[in-house]
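Residues per chain are reported as follows:
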Amino acid sequence: MEPIINQIYSNVLYGQHKDVVKNIKTAIEQGLPATSIMNEGMLSAMLEVGRLFESGEFYVPEMLVAARSMQAGMNVLMPFLTNFEAHPAGKVAIGTVKGDFHDIGKNLVKIMLEGSGFEVIDLGVNVNPELFLSAVTDHGVDIIGMSALITTTMPAMRPVIELLENSGFRQQVKVIVGGAPLTEEYAHQIGADNYAPDASRAVTMAKSMLLN
Ligand code: B1M
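Residues numbered from 1 in each chain as written. Predicted model: local features only at pLDDT ≥ 70, side-chain atom pairs only at ≥ 80, totals over all residues. Heavy atoms only, no water.

1. Quick word on the coordination of the cobalt atom of the ligand
Four donors placed tetrahedrally about a metal ideally form angles of 109.5 degrees, and six donors placed octahedrally ideally form angles of 90 or 180 degrees. Here is the rule we go by: For Na, K and Ca the donor cut-off is 3.2 Å, while for other metals it is 2.8 Å, and in both cases only N, O and S atoms qualify; water is not among them, so sites may look incomplete. Helix and strand assignments follow DSSP, with helices taken as H or I runs no shorter than four residues and strands as E runs no shorter than two, numbered in order from the N terminus.
Here the protein supplies the cobalt atom of the ligand with just one donor, His-102 (NE2), and that contact is 2.2 Å long. Assignment of secondary structure puts His-102 in the loop between strand E1 (90-97) and helix H5 (104-115).

Shown next, in the form of structure tokens:
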């Protein structure tokens, strides 16, 4: 029998969402750390999905079923990834930018932020600049988090920051950006406060941003 972590990897890769749920439960019962299940089993499978898509071996339907399994697995793993803190650490609004429908990374960042005590308003996917702004004006968030997964949607981050500036709210809120194609340099170019390469660093940064 293959090690459970390899089974989880295959389940995500081939979109076996029922098996992924069953095998994650077994892995947890066996005492495997939730972070290993996430990193070695699930995130590495998504990387392979991307590679296979790029090489023409996978098409959009295969990506979709893999994404559905990833989401199903994240739902099971969520309580074990988080370490709830009693006091609210701050308020964050998070969304995937206009034109972009990828939400797995954004959802993971949300789970990790909530687990660290942040109140998170999830703006969803394909979020336009006005909706980001309304999170500041209507909900008084401390941080705006933007995610983008495609090189052609990264530029949709700048108009959000420009709208915050032009409407006089930029000083009131910190902006953190992330997503596979982003870099720290790009984040600075567009006027964001910070770039986080992964969900756990998004949490560390969010915490330190609110202290400064
Ligand atoms: Co798409 N897709 N996809 N896709 N997809 C990519 C991104 C791609 C790199 C695949 C490839 O070619 N290798 C490629 C983009 C290429 C480019 O940039 N030029 C691509 C493409 C081309 C497309 C379509 C255009 C395909 C088509 O229709 N022909 C289309 C676009 C649709 C749209 O959005 N307009 C499309 C569609 C889809 C699906 C719907 C099928 C599905 C998404 C389902 C969903 O999200 N609900 C999908 C998937 C699953 C992928 C891959 C395979 C996996 C993405 C993922 O979920 N990764 C992806 C290839 C890849 O990345 N390996 C690919 C796991 C996730 C946990 O990682 O999102 O990077 P990630 O998040 C990380 C960090 O980046 C960071 O933390 C997370 C965890 O540590 N992070 C943040 C993310 N957001 C953050 C925000 C922060 C901080 C950190 O602060 C706010």
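2. Observations concerning the site of the ligand
Heads up, the rule is: A molecule or strand has a residue near it when one of that residue's heavy atoms lies within 4 Å. In protein, a polar contact means a hydrogen-donor-capable atom and an acceptor-capable atom, both N or O and within 3.5 Å, with residues adjacent in sequence counting only if both atoms are side-chain atoms; elsewhere, any N or O pair within 3.5 Å suffices.
Around the ligand, 36 residues are found, and the nearest of them are Glu-54, Phe-101, His-102, Asp-103 and Ser-147. Interatomic distance of 2.7 Å between a side-chain N/O atom of Asp-103 and a nitrogen atom of the ligand. Taking Ala-199, its main chain carries an N or O atom lying 3.1 Å from an oxygen atom of the ligand. Going through the elements one at a time, helix H3 (34-54), helix H4 (60-81), H5, strand E3 (143-147), strand E4 (174-178) and helix H9 (199-211) are the ones with two or more residues in the shell around the ligand.

3. A word on the side chain of Arg-170
Along the chain, Arg-170 turns up in the loop between helix H7 (158-166) and E4. A polar side-chain atom of Arg-170 sits 2.9 Å from the main-chain carbonyl oxygen of Gly-191.

4. As for the sheet that holds E1
For the record, the criterion: Here the rule is simple: two strands pair whenever DSSP picks up at least two bridges between them. Contacts are residue-level and defined by heavy atoms, with any inter-residue pair within 4.5 Å sufficient. Axis lines are fitted to C-alpha atoms, over the contacting stretch for helices. Their N-to-C directions set the angle, which ranges from 0 to 180 degrees.
Sheet architecture is open: five strands sit in the order E2-E1-E3-E4-E5, paired in parallel fashion. The outermost strands of the open sheet, each flanked by one partner alone, are strand E2 (118-127) and strand E5 (194-195). Packing of H5 onto the sheet brings it into contact with E1, E2 and E3, and relative to E2 it is tilted by some 170°.

5. Observations regarding H4
Rule in force here: In this scheme, the bend at a residue equals the angle between the axes fitted to the seven residues that finish there and the seven that begin there. Relative accessible area decides the class of each residue, using a 1.4 Å probe on protein chains only: under 20% of the type maximum gives buried, over 50% gives exposed, and in between gives partly exposed.
Remark: the principal bend of H4, roughly 40°, maps to Asn-75, with a proline, Pro-79, within the next four residues. Within H4, the full set of buried residues consists of Ala-66, Ala-67, Ser-69, Met-70, Ala-72, Gly-73, Met-74, Val-76, Leu-77 and Leu-81. Of the surrounding elements, those touching the buried residues of H4 are helix H1 (4-13), helix H2 (17-29), H3 and H5.

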